[in-house]
Amino acid sequence: MAKAESSSAAASNGIKANTNGATYDLPWVEKYRPVYLTDIVGNTETIERLKIIAKDGNMPHVIISGMPGIGKTTSILCLARQLLGPAYKEAVLELNASDERGIDVVRNRIKAFAQKKVTLPPGRQKLVILDEADSMTSGAQQALRRTMEIYSSTTRFAFACNQSNKIIEPLQSRCAILRYARLTDQQIVTRLLQVCEAEKVEYADDGIAALVFSAEGDMRQAINNLQSTSAGFGFVSGENVFKVVDSPHPIKVQAVIKACWDGKVDSAVEGVQELWGLGYSCHDIVSTMFRVTKTVPGLSEHARLEFIREIGFCHMRVLEGVQTLVQLLGCVAKLCKINMKPALFQT
């Protein structure tokens, strides 16, 4: 009964609950994963191209690249459903990064699948989906070259990856490359509100804003954080969301940035020490400082650029392994100096 209610609620909001048979307690990411290309949010132009491919049935080998959580694998699965119809289960081989994908797998498993006889709709081909393809070994990618050519009349290949430059040139030249951009804040908000309504989640506007801020264009992370916050607290507010995602609250970081702009060194240092005392890592604090600086009101454009430059240098040193409080305080000192009068530093 619960399943039927949630499915009908989701359908009334323009999203389909993908319940996969008799599973009742699916994660929301899977439950509301798009089933058809028309359900996918964002990257409108690229999705339109895929719809034309689904309609014509003449699919090339494709590489879809972009950030995590923006619908790359989902797009390929939706395209496969619309291309192959009832033959979808038999005619699709999906290999993920968690599977072994060395030369032996390419030579044996993929080759065996390409040779397999399957009843398909007229003019359609079988599909091999290689998710996280940029983590495949160079040798395995080299072994795919000949396989793709020999079986191109019966089998198509679709690669999903975060960085297309990690796929060797010979494979890139055999494929149409589609690049996916990050999802906009509005697109994420729209889908989050649909899921909230379907699952009857209570939320505040600052809670939705916090989910969008922490997701950075990643729809999967936004929905996961929504489910975690709802399950843990029963109410999605900004404070609850930041407890779940375990990142510094932007308001506290904004106070540090404003103190730096006003030249209040002691206040800025106290703010950073408070965040450090709460257990946040250097990386979390610097990343949040960068995101907050882009939107903090009251900064001149020149100061904003200077702030971002100094935070960028600090971030680089943190990534190199210098993750200490001294590094953060040094960054704060440089930010404070930007708007101070030069006469203060004369000796």
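Residues numbered from 1 in each chain as written. Predicted model: local features only at pLDDT ≥ 70, side-chain atom pairs only at ≥ 80, totals over all residues. Heavy atoms only, no water.

### Looking at the confidence of the model for the protein
- Scored by pLDDT, the protein comes out at a mean of 86, with 91% of its residues at no less than 70.
- In this model, residues 1-9 is a region of pLDDT below 50 whose contacts with residues beyond four sequence positions or in other chains number twelve contacts. (pLDDT = per-residue confidence, 0-100. Contact = heavy atoms within 4.5 Å.)

### Structural notes on the packing of helix H13 (residues 250-261) against helix H15 (residues 282-293)
- Running from amino to carboxyl end, H13 crosses H15 at an angle of 75 degrees, the nearest separation of the two axes being 9 Å. Here H15 runs roughly perpendicular to H13, going by the angle between their axes. Of the residues in H15, those touching H13 at Pro 250, Val 253, Gln 254 and Ile 257 are Thr 288, Met 289, Val 292 and Thr 293.
- Residue composition of the contact of H13 with H15, by class: five nonpolar, three polar and no charged. (Axes fitted to C-alpha atoms, helices over the stretch in contact; angles between N-to-C directions. Helix = DSSP H or I, 4+ residues; strand = E, 2+ residues; numbered from the N terminus. Parallel < 35°, antiparallel > 145°, perpendicular 65-115°, else oblique. Nonpolar A, V, L, I, M, F, W, Y, C, P; charged D, E, K, R; others polar.)

### Looking at helix H7 (residues 138-150)
- Along H7, the positions that sit buried rather than exposed are Ala 140, Gln 141, Ala 143, Leu 144, Thr 147 and Met 148.
- Each element contacted by the buried residues of H7 is listed here: helix H6 (103-115), strand S3 (126-130), strand S4 (155-161) and helix H8 (169-173). (Buried < 20%, exposed > 50% of the residue type's maximum accessible area, 1.4 Å probe, protein only.)

### Structural notes on the sheet that holds strand S2 (residues 92-95)
- Taken in spatial order, the five strands line up as S2-S3-S4-S1-S5 in an open sheet, and their pairing is parallel. This sheet does not close on itself; its edge strands, each paired only once, are S2 and strand S5 (176-179). Adjacent strand axes in the sheet meet at a mean angle of 15 degrees, parallel and antiparallel pairs treated alike.
- Two elements, S2 and S3, share four bridges in a ladder whose sense is parallel. (Pairing = 2+ DSSP bridges.)

### Describing the layout of surface pockets
- Of the voids in this model, the largest pocket is the one considered here, and its volume is about 680 Å³.
- In this structure, the largest pocket is lined by 30 residues; those nearest its centre are Val 29, Glu 30, Arg 33, Pro 34 and Thr 74.
- Secondary structure elements with two or more residues in the lining of the largest pocket: helix H2 (28-31), helix H4 (72-84) and helix H11 (219-233).
- Sorting elements by how many residues they give to the lining of the largest pocket places H4 first, with five residues. (1 Å grid on protein atoms, 1.4 Å probe; cavity = no way out; pocket = protein on both sides within 12 Å on 5 of 7 lines; lining within 4 Å. Points joined across faces, edges and corners; volume = space filled by probe spheres on them.)

### Some details on the nonpolar core
- Residues Leu 37, Leu 50, Met 59, Leu 79, Leu 127, Leu 192 and Leu 226 are the most contacted members of the largest nonpolar core, which totals 51 residues.
- Counting residues per element, this core draws most heavily on H4, at seven residues.
- Dropping the residues within four chain positions of it, Leu 37 is found in contact with Ile 47, Leu 50, Lys 51, Ala 54, Ser 75, Cys 78, Leu 79 and Gln 82. (Core = buried A, V, L, I, M, F, W, Y, C linked by side-chain atoms within 4.5 Å.)

### Section: helix H9 (residues 185-199)
- The terminal C-alpha atoms of H9, which comprises 15 residues, lie 21 Å apart, in line with the 21 Å expected from a rise of 1.5 Å per residue.
- Turning to H9, its buried residues number three or more, namely Ile 188, Val 189, Arg 191, Leu 192, Gln 194, Val 195, Cys 196 and Ala 198.
- Within two residues after H9, Lys 200 carries a phi angle of roughly 55 degrees, on the positive side. (Expected span 1.5 Å × (residues − 1).)

### A word on empty space enclosed by the protein
- Using the criterion set out here, one finds one cavity of 30 Å³ or more in the structure.
- Considering only enclosed or pocket space, the largest cavity measures out at about 60 Å³ in volume.
- For the lining of the largest cavity, the secondary structure elements donating two or more residues are H4 and S3.
- Here the lining of the largest cavity gets three residues from one element, more than from any other, and that element is H4.
- Residues that form the lining of the largest cavity fall into these classes: five nonpolar, two polar and three charged.

### What to know about the state of the cysteines
- A complete count under the given rule lists zero disulfides for this structure.
- With no disulfide partner, Cys 78 has as its closest neighbouring cysteine sulfur the one in Cys 161, 18 Å distant.
- By relative accessible area, Cys 78 is classed as buried at 0%.
- Here Cys 331 is not disulfide-linked; the sulfur of Cys 314 is the nearest cysteine sulfur, at 4.1 Å. (Disulfide = S-S within 2.5 Å.)

### Overview of the pattern of salt bridges
- Applying the stated criterion across every chain, the model contains nine salt bridges.
- We note a salt bridge from Glu 149 to Arg 146, for which the minimum N-O separation is 3.3 Å. In this pair, Glu 149 and Arg 146 are both assigned in helix H7, three residues apart and thus about one turn of the helix distant.
- Classification of Arg 146 by relative accessible area gives exposed; the value is 54%.
- The closest approach of N and O atoms between Glu 239 and Lys 243, which form a salt bridge, is 3.8 Å. (Salt bridge = Lys/Arg side-chain N within 4 Å of Asp/Glu carboxyl O.)

### Remarks on the environment of Gln 323
- Mapping Gln 323 onto the fold places it in the loop between helix H16 (301-319) and helix H17 (325-338).
- For Gln 323, a relative accessible area of 45% gives the class partly exposed.
- The spatial distance from the C-alpha of Gln 323 to the C-alpha of Ser 281 is 7.7 Å, given a sequence separation of 42 residues.
- What Gln 323 contacts, discounting residues up to four positions off in sequence, is Trp 276, Cys 282 and Val 318.

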